[in-house]
Amino acid sequence: MTPYARRGVHGQTVETLARRVLSGEIPEGATLDMAALQSELDVSLTALRESLKVLAAKGMVDARQKRGTFVRPRSDWNLLDADVLRWQFSEPSGTDADAALLRNLGEVRDIIEPAAVRLAATRRTDADLEVLQAALTAMGQEGGASDAVKADLTFHRALLAATHNELLERMEMVIESGLAHRDRLVHSAPHSEDPVPSHRAVLDAVRDRDPDAAEHAMRALLDQATRDLDKLSDPSAPGGADRRAEKKDGPSQ
């Protein structure tokens, strides 16, 4: 599914409502005060209803006669929807919910990517290798955090595409938003490990058509990703104390 377009008043209204629901500001089971929302957001009732239809399609809200529009239980939400993931990760980082979501993402990646890279190693084409190599080259170039995030996303997207399994390729919609959020946190930290060697090991194994080596390299890459996040969240992890001091005193020069 193509991610929801974020343009215009309609797009802004959808995102505002989605973030309020996802953050719990509008809790599960709550009935929306349409008149109050219309006034607060300064939109027409038609625009508000159209925005809520987007959330209804994602299982987040519903409307019933005599009850009105209400927030459905979280168990009904389409948490694998790319927009829902992006909205969740657009909230301020560092919360328990944010940490839990990143852990969930890590577990999903642990299941999907090692198996996917095995297929990529047996099915990759020369064109797939070119895209992977270009992403790896970009990853190793000097640039800002946004450039590093873009290169990493391109690499992992290309790996899924190299499986030539259209359902696995669609998993990029699930992985991408969370991976981008994780990358923004890690690449902005001064003590994260260089991502190039671990990604190069994956590419080398895929190029050699060695599924066992590819899976091993991918698991090592994912272990590194976990370590990088631990350094941000756990002061006792290697580099964690330095990170904590930077948060307290400001970045070192």
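Treat the numbers as computed from the prediction; the structure is a model and nothing was measured.

**Details of the nonpolar core**
Then, number 1: Core analysis: the biggest nonpolar cluster contains 21 residues, and Val 117, Leu 132, Phe 155, Leu 159, Val 202, Val 206 and Met 218 have the highest contact counts within it.
Then, number 2: Elements represented by at least two residues in this core include exactly α5 (96–123), α6 (126–139), α7 (145–161), α10 (196–207) and α11 (211–233).
Then, number 3: Ignoring any residue separated from it by four or fewer positions in sequence, one finds Val 202 in contact with Val 117, Phe 155, Leu 159, Ala 217, Met 218 and Leu 221.
Then, number 4: Counting residues in hydrophobic clusters, the runner-up holds 20 residues, among them Leu 22, Val 54, Met 60 and Val 84.

**Concerning the packing of α7 against α10**
Then, number 1: Running from amino to carboxyl end, α7 crosses α10 at an angle of 25 degrees, the nearest separation of the two axes being 12 Å. Taken together, the axes of α7 and α10 lie roughly parallel to each other. Classified by chirality, the crossing of α10 by α7 is left-handed. Between α7, through Asp 152, Phe 155, His 156 and Leu 159, and α10, the contact on the second element is made entirely by His 199, Val 202, Leu 203 and Val 206.

**Considerations on the layout of surface pockets**
Then, number 1: Its volume calculated, the second largest pocket comes out at about 350 Å³.
Then, number 2: Along the wall of the second largest pocket there are 18 residues; nearest its centre are Ala 138, Met 139, Gln 141, Gly 143 and Ala 148.
Then, number 3: The set of elements that each furnish at least two residues to the lining of the second largest pocket consists of α6 and α7.
Then, number 4: The leading source of residues in the lining of the second largest pocket is α7, at 6 residues.
Then, number 5: For the lining of the second largest pocket, the per-class residue count stands at 8 nonpolar, 6 polar and 4 charged.

**Observations concerning the pattern of salt bridges**
Then, number 1: Summed over all chains, the structure comprises 17 salt bridges.
Then, number 2: Among the ionic pairs, Lys 53 bridges to Glu 50, the shortest N-O distance being 3.1 Å. Linking Lys 53 with Glu 50, this pair stays in helix α3 (residues 45–57), spanning 3 residues, or about one helical turn.
Then, number 3: Exposure remark for Lys 53: the relative accessible area of 51% places this residue in the exposed category.
Then, number 4: Residue class for Glu 50 comes out partly exposed when judged on its relative accessible area of 36%.
Then, number 5: Close ionic contact of Glu 176 with Arg 157 constitutes a salt bridge, the shortest N to O distance being 3.1 Å. One end of the pair, Glu 176, is in helix α9 (residues 172–187); the other, Arg 157, is in helix α7, and 19 residues separate them in sequence.
Then, number 6: With relative accessibility at 27%, the residue Arg 157 sits in the partly exposed group.
Then, number 7: Here the salt bridges share partners, and the residues they tie into one network are Glu 15, Arg 19, Lys 58, Asp 81, Asp 83 and Arg 86.

**Description of the packing of helix α2 (residues 34–41) against α3**
Two quantities define a packed helix pair, namely the angle between the helix axes and the distance between the axes.
Then, number 1: Their axes nearest at 10 Å, the elements α2 and α3 cross at an angle of 105 degrees. By the angle class used here, α2 and α3 are roughly perpendicular. Contacts between α2 and α3 involve Met 34, Leu 37, Gln 38 and Leu 41 from the first element and Leu 45, Leu 48, Arg 49 and Leu 52 from the second.
Then, number 2: Grouping the constituent residues of the contact of α2 with α3 by class yields 6 nonpolar, 1 polar and 1 charged.

Parameters and conventions
Residues numbered from 1 in each chain as written. Predicted model: local features only at pLDDT ≥ 70, side-chain atom pairs only at ≥ 80, totals over all residues. Heavy atoms only, no water. Core = buried A, V, L, I, M, F, W, Y, C linked by side-chain atoms within 4.5 Å. Buried < 20%, exposed > 50% of the residue type's maximum accessible area, 1.4 Å probe, protein only. Helix = DSSP H or I, 4+ residues; strand = E, 2+ residues; numbered from the N terminus. Contact = heavy atoms within 4.5 Å. Axes fitted to C-alpha atoms, helices over the stretch in contact; angles between N-to-C directions. Parallel < 35°, antiparallel > 145°, perpendicular 65-115°, else oblique. Left-handed = near helix turned anticlockwise from the far one by under 90°. 1 Å grid on protein atoms, 1.4 Å probe; cavity = no way out; pocket = protein on both sides within 12 Å on 5 of 7 lines; lining within 4 Å. Points joined across faces, edges and corners; volume = space filled by probe spheres on them. Nonpolar A, V, L, I, M, F, W, Y, C, P; charged D, E, K, R; others polar. Salt bridge = Lys/Arg side-chain N within 4 Å of Asp/Glu carboxyl O.

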